[in-house]
Amino acid sequence: MFPRASCIGLGLLVLSSLGVFLVARKSGNLYPAIDRGHIYTYIGSDYPLEWPIPSLNTVHMSLENSLHYAFDTTQGRAEWNTTLPSGGALVYLGPHKRPFTLGMLHQIRCLGIIREILDDFYADDSPNAKVDRPHLARHCMNYIRQMVLCNGDLRLENVRAAKGKRLTVPEVTHTCKDWSAVYAAADDNFHELKLVHR
């Protein structure tokens, strides 16, 4: 197990990198539009940039400080274990069932890894604790940081006080893509794969 000072240092490094990281982009699209008429082979680079799920509407999500998803309780662990579809973070696409992960599922998996690391950190001070955890934590924290920047949510959130800790009001409704459609499509993909491999 790494000393708490190392974890604090890692946290400060991640926080400082949040302020430094800038994404510069010229006007216009960085990526070509998905050609819905093209039949992709899923060989080499011949695959779409996004998984074209036809029924991905927008939904509203009200944020709240939930008692669920605690990192260090039996119930919280069980809840975190249900945050991925039945096939995990992978989907298998194309005629040869090439494995891919979706950005959303990669992000959820990384949050699960961070939860496990926090659980281990506070539960086990022995020198035999899992040594690969700091590497996974660095990867996941950096990945989640970049995805937050990439999604660029500009929804205004009220601040409780202009001075002091400036805590934001958690009860805010955001407009999101319908994640339940992604889960349903990923579950269908997994069950279809199981039928193929019978």
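Residues numbered from 1 in each chain as written. Predicted model: local features only at pLDDT ≥ 70, side-chain atom pairs only at ≥ 80, totals over all residues. Heavy atoms only, no water.

The protein chain has a UniProt comment under Sequence similarities (unreviewed entry) that states "Belongs to the ustYa family." Per UniProt, the protein chain carries the Pathway (unreviewed entry) text "Mycotoxin biosynthesis." (UniProt positions renumbered as here; feature names shortened; annotations may be inferred.)

**Let's talk about the overall build of the protein chain**
A tally of helices and strands in the protein chain yields 5 helices and 4 strands. Moving toward the C terminus, one meets the helices and strands of the protein chain in the order α-β-α-β-β-α-α-β-α. Across the 198 residues of the protein chain, 23% fall into the buried class. Taking the intrachain contacts of the protein chain between residues at least 6 apart in sequence as the baseline, contacts between residues at least 24 apart amount to 67%. Summed over all atoms, the accessible surface of the protein chain reaches about 14,400 Å², with 59% contributed by carbon and sulfur. (Helix = DSSP H or I, 4+ residues; strand = E, 2+ residues; numbered from the N terminus. Buried < 20%, exposed > 50% of the residue type's maximum accessible area, 1.4 Å probe, protein only. Contact = heavy atoms within 4.5 Å. Areas by Shrake-Rupley, 256 points an atom, 1.4 Å probe, with all protein chains shown as cover.)

**Quick look at helix α3 (residues 103–123)**
The end-to-end C-alpha separation of α3 is 30 Å, in line with the 30 Å expected for 21 residues at 1.5 Å each. For α3, the set of buried residues is Leu105, Gln107, Cys110, Gly112, Ile113, Ile114, Arg115, Ile117, Asp119 and Phe121. (Expected span 1.5 Å × (residues − 1).)

**Some points on the state of the cysteines**
Enumeration over the complete set of coordinates arrives at 1 disulfide. Cysteine 110 shares a disulfide with cysteine 140; S-S distance 2.5 Å. Between cysteine 110 and cysteine 140, the S-S torsion sits near -65°, and that sign places the bridge as left-handed. Here the residue cysteine 110 occupies a position in helix α3, and cysteine 140 occupies one in helix α4 (residues 133–151), the gap between them amounting to 30 residues. Of the two residues, cysteine 110 and cysteine 140, both sit in the buried class. (Disulfide = S-S within 2.5 Å.)

**What to know about the confidence of the model for the protein chain**
A low pLDDT means the predicted coordinates there should not be read in detail. Summarising the model, the protein chain shows a mean pLDDT of 74, and 69% of its residues fall at 70 or more. Across the protein chain, the secondary-structure element scoring lowest on mean pLDDT is helix α1 (residues 4–20), at 38, and the one scoring highest is strand β3 (residues 98–101), at 93. Confidence drops under pLDDT 50 across residues 1–31; counting only partners more than four residues distant or on other chains, this segment forms 23 contacts. (pLDDT = per-residue confidence, 0-100.)

**Some words on helix α5 (residues 179–196)**
Note that an α-helix has 3.6 residues per turn; residues three or four places apart therefore point the same way. Taking 1.5 Å per residue, 18 residues should reach 26 Å; α5 reaches 26 Å between its end C-alpha atoms and fits that length. By the burial criterion, the buried members of α5 are Ala181, Val182, Tyr183, Ala185, Ala186, Asn189 and Leu193. Where the residues of α5 are buried, they touch β2 (90–93) and α3.

**Some remarks on the nonpolar core**
Formed by Tyr40, Tyr42, Ile53, Ala89, Val91, Leu93, Phe100, Leu102, Leu105, Val182, Ala185 and Ala186, the largest nonpolar core amounts to 12 residues. The biggest single contributor to this core is α5, with 3 residues. Residue contacts for phenylalanine 100: discarding those within four places in its chain leaves Tyr42, Tyr47, Ala89, Leu90, Val91 and Leu93. If you look at the next biggest cluster of nonpolar residues, it comprises 8 residues, including Cys110, Ile113, Ile117 and Ile144. (Core = buried A, V, L, I, M, F, W, Y, C linked by side-chain atoms within 4.5 Å.)

**Some points on the pattern of salt bridges**
Under the definition given, this model contains 4 salt bridges. The closest approach of N and O atoms between arginine 115 and aspartate 119, which form a salt bridge, is 3.4 Å. Residue arginine 115 and its partner aspartate 119 are located together in helix α3, separated by 4 residues, close to a single helical turn. The residues arginine 115 and aspartate 119 share a single accessibility class, namely buried. (Salt bridge = Lys/Arg side-chain N within 4 Å of Asp/Glu carboxyl O.)

**Examining the packing of aromatic side chains**
Using the criterion set out here, one finds 4 aromatic pairs in the structure. One aromatic cluster in this structure is built from Tyr40, Tyr42, Tyr47 and Phe100. (Phe/Tyr/Trp six-rings, centres within 6.5 Å; stacked < 30°, edge-to-face > 60°.)

**Considerations on the pairing of β2**
The alternating pattern of β2 places Val91 and Leu93 on a buried face, while none of Leu90 and Tyr92, on the opposite face, is buried. With 4 bridges joining them, β2 and β3 adopt antiparallel strand pairing. Residue pairing across strands places tyrosine 92 opposite proline 99, the latter belonging to β3. Joining the antiparallel neighbours β2 and β3 is a turn of 4 residues, in which glycine 94 adopts a positive phi near 85°. (Pairing = 2+ DSSP bridges.)

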